[in-house]
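Listed below are the residues making up each chain.
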Amino acid sequence: MPDTPSNDGSSNQDEQLALPGMENSTPSPQRRRRRPEPTGLDIERTDTRQALSRSLHQKGANEEGQALATGSIYVTGFGKRTKDFYAHFGLTPGNRAQLPPEVLRFLICYEVAAKRRVDLHIVQAQDQRSINRELANQCRIATLIIKRALYWAECLGSLEAAEALLPEPPDNYPLR
C-alpha cells in the first residue's frame, strides 16, 4: 500500500511504525505548536518589542507606523526586509523565539536603542502618514548608531586579540 499523507502531514506508514513519542496513533484534530527551546533571552525578547511598541504608540504611530518602524530596524540592522529576514532563517515573520540567540541579541540592542530615541524625540509631523515616517526614521537612525557601535566594539575585541599575538615592544618604546 503506498504511503498517503494523512490530514496531519504524517503518512500511514508513520502511524504503523509507532514512532517514539507517537504512542497514540490516532491523529489529533489540531496540530499543536511546539514551544520553542528557551534561549535565556525569552523575557528580553518580548519586553523590548513590547516597550518599543508602547513608545511608538505614545508618540502617535498607528499599526502602519509600527510596521514601518519595525521594517526600518530590520533593513538598517540586517540589510533585509522583515519578511526576507525571517525567511533567511526558515521562519515565519515575527517568530522571534526561533531566531539564533546571537542574532536575537542584536535585534534586542536595536530595539532598546530605537525605543530610547523614540522616547526622546519630539514629533514635528501633523498627519498620520508623516508621523509614522518620522518615527520610523528615528528607529532607523538609532539602529544605524548601534550597528556602528557594535561593529567598532567587535573591531576593538579583535584588536585586543591581535595585540596578544604581537611581540612585546622594546623597553625604550615611548608608548609602552
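Predicted, not measured: the structure shown is a model, and the values here were computed from it.

Next up on the list: the pattern of salt bridges. Considering all chains together, one arrives at three salt bridges under this definition. A salt bridge links Asp84 to Arg81, with the shortest nitrogen-to-oxygen separation between them at 3.1 Å. Look at Asp84 and you get partly exposed, because its relative accessible area is 31%. Here Arg96 ties to Glu111 by a salt bridge, and the two come within 2.7 Å at their closest N and O atoms. One end of the pair, Arg96, is in the loop between helix H4 (82-88) and helix H5 (101-120); the other, Glu111, is in helix H5, and 15 residues separate them in sequence. We classify Arg96 as buried; its relative accessible area is 9%.

Two measures describe an aromatic ring pair: the distance that separates the ring centres and the angle between the ring planes. Considering all chains together, one arrives at nine aromatic pairs under this definition. The interplanar angle of 55 degrees and the centroid separation of 5.0 Å between the aromatic rings of Tyr74 and Phe85 together place this pair among those described as tilted. Of the two residues, Tyr74 is situated in helix H3 (residues 63-78) and Phe85 in helix H4; the sequence distance between them amounts to eleven residues. The pair formed by Tyr74 and Phe85 is uniform in burial state, with each residue classed as buried. Ring centres 5.3 Å apart and planes at 85 degrees place the aromatic pair Phe85 and Tyr86 in the edge-to-face group. Following the ring pairs from residue to residue traces out a cluster consisting of Tyr74, Phe78, Phe85, Tyr86, Phe89, Phe106 and Tyr110.

Once that is clear, we can look at H3. Between the first and last C-alpha of H3 there are 22 Å, a value that for 16 residues agrees with the 22 Å anticipated at 1.5 Å per step. Residues of H3 that are buried include every one of Gly65, Gln66, Ala69, Thr70, Gly71, Ser72, Ile73, Tyr74, Thr76 and Gly77, and no others. Phi turns positive, to about 75 degrees, at Gly79, one or two residues after H3.

An ideal rise of 1.5 Å per residue puts 28 Å on 20 residues; H5 measures up with 29 Å between its terminal C-alpha atoms. The complete set of buried residues in H5 reads Val103, Leu104, Leu107, Ile108, Tyr110, Glu111, Ala113, Ala114 and Val118.

Among the nonpolar cores identified, the biggest contains 23 residues, and Leu56, Ile73, Tyr86, Leu99, Leu107 and Cys139 are the most heavily contacted of them. Secondary-structure elements contributing two or more residues to this core are helix H2 (42-58), H3, H4, H5 and helix H6 (128-165). Among the elements that line this core, the one with the most residues is H5, at eight residues. The contacts of Cys139, once residues within four sequence positions are left out, are Leu52, Leu56, Ala69, Ser72, Ile73, Ala114 and Val118.

What counts, and at which threshold
- Residues numbered from 1 in each chain as written.
- Predicted model: local features only at pLDDT ≥ 70, side-chain atom pairs only at ≥ 80, totals over all residues.
- Heavy atoms only, no water.
- Salt bridge = Lys/Arg side-chain N within 4 Å of Asp/Glu carboxyl O.
- Buried < 20%, exposed > 50% of the residue type's maximum accessible area, 1.4 Å probe, protein only.
- Helix = DSSP H or I, 4+ residues; strand = E, 2+ residues; numbered from the N terminus.
- Phe/Tyr/Trp six-rings, centres within 6.5 Å; stacked < 30°, edge-to-face > 60°.
- Expected span 1.5 Å × (residues − 1).
- Core = buried A, V, L, I, M, F, W, Y, C linked by side-chain atoms within 4.5 Å.
- Contact = heavy atoms within 4.5 Å.

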